[in-house]
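Remarks on the overall topology
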Amino acid sequence: LPISKQSVTDLRRLRRAIPDDVEMSEILRELAWASRASGVRIESITPSQPVSSAGAQAMPIALSVKGRYFRIAKFMHLLRLEAGVKGGKPYASGRLYGIDNISLSTGDKGGLIMASLALNAFVYGSTTTPAPASTTTEP
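The structure reproduced in this document is the subject of the present report. Counting from 1, residues in each chain are numbered in the order their sequence is written. Given that the model is predicted, a residue must reach a pLDDT of at least 70 before its local features are reported, and side-chain atom pairs must reach 80 or more before they are shown or counted; all residues, however, enter totals for whole chains, interfaces and linings. Excluding hydrogens and water, the side-chain figures rest on all heavy atoms present in the structure.

Further remarks concern the overall build of the protein. Helix numbers and strand numbers start at the N terminus; a helix is a DSSP run of H or I with at least 4 residues, a strand a run of E with at least 2. Looking only at helices and strands, one finds three helices and eight strands in the protein. Going residue by residue from the N terminus, the α and β elements of the protein occur as α-α-β-β-β-α-β-β-β-β-β. Note on contacts: a residue pair is in contact if any heavy atoms of the two residues lie within 4.5 Å. Counted over contacts in the protein with a minimum sequence separation of 6, partners at least 24 positions apart contribute 64%. For the protein, the accessible area works out to roughly 8400 Å², and carbon and sulfur atoms hold 56% of it. To be clear on the numbers: accessible area is Shrake-Rupley with a 1.4 Å probe, and residue cover counts the displayed protein chains and nothing else.

Structural data, given as structure tokens:
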């Protein structure tokens, strides 16, 4: 069967959303972009080894960000907008992320709060690439 031009376009979008490799540098760039665009500060990023998840691999990332509540909400919203399905068609300007859990802790007198996110970045198929060590930014 011939492959339609739309199928090729959809496949490219899906590969952008769920690439074949972990591509940790791309994940770090996307997280940095979302933090700048939303006005939050990334305090730490701790990736773990990928785990199986419904035909793909999910790479768990423990992420801590600091900022005002609505800026943290914008940060999560920007990550969720990177990839998805709309009107039955896939779209992807970046990787597909899933947020499994979030916990907020009270902030300082300036109104800043700390959010700890359990984030998943997805990889197609299986992978054996080790996750890098934890990264923490200095205050």
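On to the pattern of salt bridges, then. For this document, the term salt bridge refers to a Lys or Arg side-chain nitrogen within 4 Å of an Asp or Glu carboxyl oxygen. The tally for this structure, following the rule as stated, stands at two salt bridges. Between Glu26 and Arg29 there is a salt bridge, and its shortest N-O distance comes to 2.9 Å. Separated by three residues within a single helix, Glu26 and Arg29 lie in helix α2 (residues 24–38), roughly one turn from each other. The shortest N-O distance in the salt bridge between Glu43 and Arg41 comes to 3.3 Å.

Turning next to a nonpolar patch on the surface. Two distance rules govern patches: like charges are joined within 9 Å, and nonpolar side chains (Val, Leu, Ile, Met, Phe, Trp, Tyr) within 5 Å, applied only to residues with over 30% relative accessible area and no salt bridge. A contiguous nonpolar surface patch, about 440 Å² in accessible area, is contributed by Tyr69, Phe70, Ile102 and Leu104. Among the elements of the structure, α3 (69–81) and β6 (97–105) are those that each provide at least two residues to the nonpolar patch. Looking at the secondary structure, you find Phe70 in helix α3.

One less than the residue count of a helix, multiplied by 1.5 Å, gives the span that helix is expected to have. With 13 residues, α3 extends 19 Å from end C-alpha to end C-alpha; this agrees with the ideal 18 Å at 1.5 Å per step. Here the term buried applies to any residue with accessible area under 20% of the maximum for its type, exposed to any over 50%, and partly exposed to those in between, with areas from a 1.4 Å probe on protein chains only. Within the span of α3, buried status applies to Ile72, Phe75, Met76, Leu78 and Leu79. All buried residues of α3 lie within an arc of 155 degrees about the axis, which places them on one face of the element. Pointing more than 90 degrees away from the buried face of α3 are the exposed residues Phe70 and Arg80. Elements that come into contact with the buried residues of α3 comprise α2, β3 (56–67), β6 and β7 (113–124). The directions from the helix axis to the C-beta atoms are what the arc is built from.

Here a pair means two rings of Phe, Tyr or Trp (six-membered ring of Trp) with centres within 6.5 Å. Their orientation is stacked below 30 degrees between planes, edge-to-face above 60, and tilted elsewhere. Enumeration over the complete set of coordinates arrives at one aromatic pair. Seen from their ring centres, Tyr69 and Phe70 are 5.1 Å apart, and the 85 degrees between their planes marks the pair as edge-to-face. Judged by relative accessible area, which is 46%, Tyr69 ranks as partly exposed. Looking at Phe70, the relative accessible area reads 68%, which means it is exposed.

Before going further, it helps to spend a moment on the packing of α2 against α3. Following both chains from N to C, one finds α2 and α3 inclined at 140 degrees, their axes separated by 9 Å at the closest point. Considering the angle they form, α2 stands oblique to α3. Viewed along their axes, α2 and α3 form a crossing whose handedness is right-handed. Every residue of α3 that contacts α2 at Leu31, Trp33, Ala34, Ser35, Ala37 and Ser38 is listed here: Arg71, Lys74, Phe75, Leu78 and Leu79. Residues that form the contact of α2 with α3 fall into these classes: seven nonpolar, two polar and two charged. In this description, a line fitted to the C-alpha atoms serves as the axis of each element, helices being fitted only across the stretch in contact, and the angle between N-to-C directions of two axes falls anywhere from 0 to 180 degrees. Any angle that is under 35 degrees is reported as roughly parallel, and any over 145 degrees as roughly antiparallel; angles of 65 to 115 degrees are reported as roughly perpendicular and all others as oblique. For a crossing to be left-handed, the near helix must be turned anticlockwise from the far one by less than a right angle; the clockwise case is right-handed. Charged residues are taken to be Asp, Glu, Lys and Arg, nonpolar residues to be Ala, Val, Leu, Ile, Met, Phe, Trp, Tyr, Cys and Pro, and polar residues to be all remaining types, Gly included.

Another aspect to go through is the pairing of strand β1 (residues 41–47). Burial of β1 is extensive: five of the seven residues sit out of reach of the surface. Both β1 and β3 contribute to a ladder of six bridges, which runs antiparallel. Of the residues in β3, the one forming a bridge with Thr46 is Ala62. Here, strands pair whenever DSSP counts at least two bridges between them.

By themselves, these are just geometric observations and shouldn't be taken as functional.
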